[in-house]
Amino acid sequence: MDNDTQNPVYNAIYADGSFGKVTLGTMINRGGASGKIFQVQSQPDKVAKIFHNLAKSQTNRQKLESMLLNKPNFEPVMTDGVQYTQIAWPEAILEDEKGFCVGYLMPLINMDEAVSLDHLLQKAIRKKLKLPEKYAYRIFAAYNVASMVTSLHKCGHYIVDLKPSNVSVYRENMLVAMVDCDGFSIQGEKRRFPAEFVSEEYIYPEGMDKSCEEMGEEQDKFALAVIIFKLLNNGIHPFS
């Protein structure tokens, strides 16, 4: 960080080994347990996530390096002249002047244009938010979530904490909008970096006695099946 400027400045290290400088702008989201989200000056299509806990700097760096080198093939989609970024995957590691990994740079996902998948599940909420009632839209959403999971699995990555409230879709076309990817279970070259959270309602039966660090593909498949069932049955859980 450059203390001579009003806004924090960090070094950015990209996947191809190139370097740059990133100046933070306004904080736009306090984020979850792991970090805060900031605008990036002179790059309106990017945001930066700055971690709360710098004590995990080395582990965070190793996980982010693995994410940079093993990116899922899920490119932005252009529809009617509008680009829809579907996954906020890291594009560069951010470090301070001491060399500590403080966060990462990622593409901006305009969440103002998206809604939580939770909001698609029940007719009353769809009506309140003026979301499309056509059944086909929920089928599109189910297909796009399944495509996202497939793309991640091809790289050996797992979401683990896969649930409707952690998935958003764009109102216009039901394309997926995924954030907080640094919390996924990530496959590195020599080791796996486990997920940090899992939600009880979506744990696969065989995983009830396991920690989220032990969960992977079967957990994602079960959670995906529950999500698809709920999407197609107005929020009813298959075990209810």
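Quick look at the packing of aromatic side chains
The full count for this structure, using the stated rule, is four aromatic pairs. Residues F51 and Y104 carry aromatic rings whose centres are separated by 6.0 Å and whose planes lie at 55 degrees to one another, so their mutual orientation is tilted. Placement of F51 in strand β4 (residues 46-51) and of Y104 in strand β8 (residues 101-107) is noted, with a sequence separation of 53 residues between them. Here the two residues F51 and Y104 agree in accessibility, since each one is buried. Taking the centre distance of 6.0 Å and the plane angle of 50 degrees together, the rings of F222 and F239 count as tilted. Highlighted residues: F222 in helix α4 (residues 217-232) and F239 in the segment after α4, separated in sequence by 17 residues.

What to know about the sheet that holds strand β3 (residues 35-40)
Read around the closed barrel, six strands run β1-β2-β3-β4-β8-β7, paired in antiparallel fashion. Direction aside, neighbouring strands of the sheet carry axes that sit 40 degrees apart on average. In this sheet, β4 lies alongside β3 in antiparallel orientation, the contact comprising five bridges. When the bridges of β4 are listed, G35 appears paired with F51.

Digging into a negative patch on the surface
Where like charges cluster on the molecular surface, the negative patch consists of D80, D112, E113 and E172. Owing to a relative accessible area of 34%, E113 belongs among the partly exposed residues under this scheme.

A closer look at the pattern of salt bridges
For the coordinates displayed, the defined rule picks out ten salt bridges. For the salt bridge of E133 with R138, the shortest nitrogen-to-oxygen distance reads 3.5 Å. Relative accessible area serves as the criterion here: at 36%, E133 is assigned to the partly exposed category. Residue R138 is classed as buried on the basis of its relative accessible area, which comes to 5%.

Cut-offs applied
- Residues numbered from 1 in each chain as written.
- Predicted model: local features only at pLDDT ≥ 70, side-chain atom pairs only at ≥ 80, totals over all residues.
- Heavy atoms only, no water.
- Phe/Tyr/Trp six-rings, centres within 6.5 Å; stacked < 30°, edge-to-face > 60°.
- Helix = DSSP H or I, 4+ residues; strand = E, 2+ residues; numbered from the N terminus.
- Buried < 20%, exposed > 50% of the residue type's maximum accessible area, 1.4 Å probe, protein only.
- Pairing = 2+ DSSP bridges.
- Axes fitted to C-alpha atoms, helices over the stretch in contact; angles between N-to-C directions.
- Patch = residues over 30% accessible without salt bridge, like charges linked within 9 Å, V, L, I, M, F, W, Y side chains within 5 Å.
- Areas by Shrake-Rupley, 256 points an atom, 1.4 Å probe, with all protein chains shown as cover.
- Salt bridge = Lys/Arg side-chain N within 4 Å of Asp/Glu carboxyl O.
- Lys, Arg positive; Asp, Glu negative; His and termini not counted.
- Charge placed at Lys NZ, Arg CZ, Asp CG, Glu CD.

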